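These are the residues of each chain, in order.
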Amino acid sequence: MQQRLMQMVDEDRLPHAVMLCGPQGAGKLALAVDFAKVVLMRAGNRQPSANSLAMLDKLEHPDLHFTYPTIKLPSMGSDHKPVSDDFAREWHELITASPYFTMNEWLQQMGGENQQAIITAGESDELVRKLSLKSSQGGYKVSIVWLPERMNIECANKVLKLLEEPPSQTLFIMVCQEPDRLLETIRSRVQRIDVRKIADDDIRQALRQKRGLTDDMAQRVSRMANGNWLKAVELLSSDSENELFLDMFQALMRLAYQRKVKDLKAWSEQMSTMGREKQRRFLEYFLRLVRENFMYNFHNPELCYMTQREEDFARNFARFINEANVIPISELANLAIRDIGQNANAKIVFFDMALQMIVLLIQK
């Protein structure tokens, strides 16, 4: 992957836009930053100055621009459309510490954990302005767009125009996790490069060398991480929200099996108090655990990727997830993810999901 990107620079055949796609935790943003550095150092066979190299090392190069999802703070005016520069300090602190971080960590950094971050039309206007300026160092201008699928429709249409008529010597590097959410016209105007998930052996070795884990623990964590370094780090955290999500998953399944509608209503009300990003993460966790419980029934340890506590629950619960209901349950969760993403009433979404689970759990 890196060799392919470096070859573009060496042969001076850079496209105007590249989209790095792949699963979370595969290192797409780290790859994008390294690629941008090489382009700004080497494109056009120019010799970079010591000052330019120092700015690149600190990610403070004037020709390197970052775009990322933002939130609206209470201190912002009603007419203000948040832009990346509003959170430039917070972004710089996070990405210089490590290019491996989650949306949840970014939301915490911005101070809006319960909000849904998007890229606004104001940001696209800023991009047009910045990229219309002459390169500070006389070479390329590079714009890294983290999670372009979070652009609202107004922003996406403006970015499309920018991709159709890009400024000279400008490179867009989009770091995308869910490319299907992007406009097809945008996808058709970028060169897509798929980044594979990290090999389990590489994660296991990193856990042993950098985190001091035993062979057995490193093996279990690396298999559960499934190529996602962020997941591996999260699993090592004692206060991981996965513990909360497992509690909520267990409560939903038990209450649905017992047909306790009143208690399921209380469960849905508790879920509705979480921010939309957290609700989405729970639903993704829900999908994973449904899959793992289904696979548990095959009695092949190599097919299961669960923590010890998850496995303890699966021992008695897994038989309720079977060929008759595994697909409808998964479709139910995916529908809830869509509805939450479209700002539907969370209390209604989760109560409807809970009620349907009563019926689905008895299917055999």
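To be clear, the structure that these remarks concern was listed above.
Residues numbered from 1 in each chain as written. Predicted model: local features only at pLDDT ≥ 70, side-chain atom pairs only at ≥ 80, totals over all residues. Heavy atoms only, no water.

Caption draft 1: Local environment of the sheet that holds strand 2 (residues 64-67). Within the open sheet, the 5 strands sit side by side as 2-3-4-1-5. Their pairing is parallel. Two strands in the sheet have a free side with no partner beyond their single neighbour: strand 2 and strand 5 (191-194). In this sheet, adjacent strand axes meet at a mean angle of 20° when their direction is disregarded. Here 6 bridges tie strand 3 (residues 141-146) to strand 4 (residues 170-176), and the two strands are oriented parallel to one another. Bridging from a neighbouring strand, W146 pairs with V175 of strand 4. (Pairing = 2+ DSSP bridges. Helix = DSSP H or I, 4+ residues; strand = E, 2+ residues; numbered from the N terminus. Axes fitted to C-alpha atoms, helices over the stretch in contact; angles between N-to-C directions.)

Caption draft 2: Just the pairing of strand 4, in detail. Among the 7 residues of strand 4, 7 are classified as buried, and the element is accordingly described as predominantly covered. Across the two faces of strand 4 the burial is the same, with T170, F172, M174 and C176 and L171, I173 and V175 all buried. Pairing between strand 1 (residues 17-21) and strand 4: 5 bridges, direction parallel. Within strand 4, the residue paired with M19 across the bridge is M174. Once you follow strand 3 into helix 7 (residues 153-164) and on to strand 4, the crossover reads as right-handed. (Buried < 20%, exposed > 50% of the residue type's maximum accessible area, 1.4 Å probe, protein only. Right-handed = clockwise from strand over helix to strand, strands pointing away.)

Caption draft 3: Layout of the pattern of salt bridges. One pass over the structure, following the stated rule, counts 22 salt bridges. Here R89 ties to E93 by a salt bridge, and the two come within 3.2 Å at their closest N and O atoms. Within this pair, R89 and its partner E93 are both found in helix 4 (residues 88-97), separated by 4 residues, close to a single helical turn. A salt bridge links E284 to R280, with the shortest nitrogen-to-oxygen separation between them at 3.5 Å. Residue E284 and its partner R280 are located together in helix 14 (residues 276-296), separated by 4 residues, close to a single helical turn. We classify E284 as partly exposed; its relative accessible area is 39%. Residues joined by salt bridges that share partners form a network here, namely K81, D125, E154 and K158. (Salt bridge = Lys/Arg side-chain N within 4 Å of Asp/Glu carboxyl O.)

Caption draft 4: Structural detail: the packing of helix 14 against helix 17 (residues 346-360). Where helix 14 contacts helix 17, the two axes come as close as 12 Å, and the packing angle between them is 15°. In terms of their interaxial angle, helix 14 and helix 17 are classed as roughly parallel. Handedness of the helix 14/helix 17 crossing: left-handed. Side by side, helix 14 and helix 17 meet where R276, Q279, F282, L283 and F286 of the first sit next to A346, F350, M353 and M357 of the second. Looking at side-chain class alone, the contact of helix 14 with helix 17 contains 7 nonpolar, 1 polar and 1 charged residues. (Parallel < 35°, antiparallel > 145°, perpendicular 65-115°, else oblique. Left-handed = near helix turned anticlockwise from the far one by under 90°. Contact = heavy atoms within 4.5 Å. Nonpolar A, V, L, I, M, F, W, Y, C, P; charged D, E, K, R; others polar.)

Caption draft 5: Quick look at the side chain of R281. Turning to its location among the elements, R281 is positioned in helix 14. Using a relative accessible area of 17% as the deciding quantity, one classes R281 as buried. Reaching out from R281, the side chain makes a polar contact with the side chain of N104 at a distance of 3.1 Å. When sequence neighbours within four positions are dropped, the list of residues in contact with R281 reads N104, E241 and F245. (Polar contact = N/O pair within 3.5 Å; in protein donor to acceptor, adjacent residues only side chain to side chain.)

Caption draft 6: Focus on the packing of helix 9 (residues 200-211) against helix 10 (residues 215-225). At a minimum axis separation of 8 Å, helix 9 and helix 10 run at an interaxial angle of 135°. Relative to helix 10, the element helix 9 lies oblique. Considering only the axes of helix 9 and helix 10, their crossing is right-handed. Residues D200, I203, R204, L207 and R208 of helix 9 touch helix 10, and the partners they reach there are D215, A218, Q219, V221, S222, R223 and A225. When its residues are assigned to classes, the contact of helix 9 with helix 10 shows 5 nonpolar, 2 polar and 5 charged.

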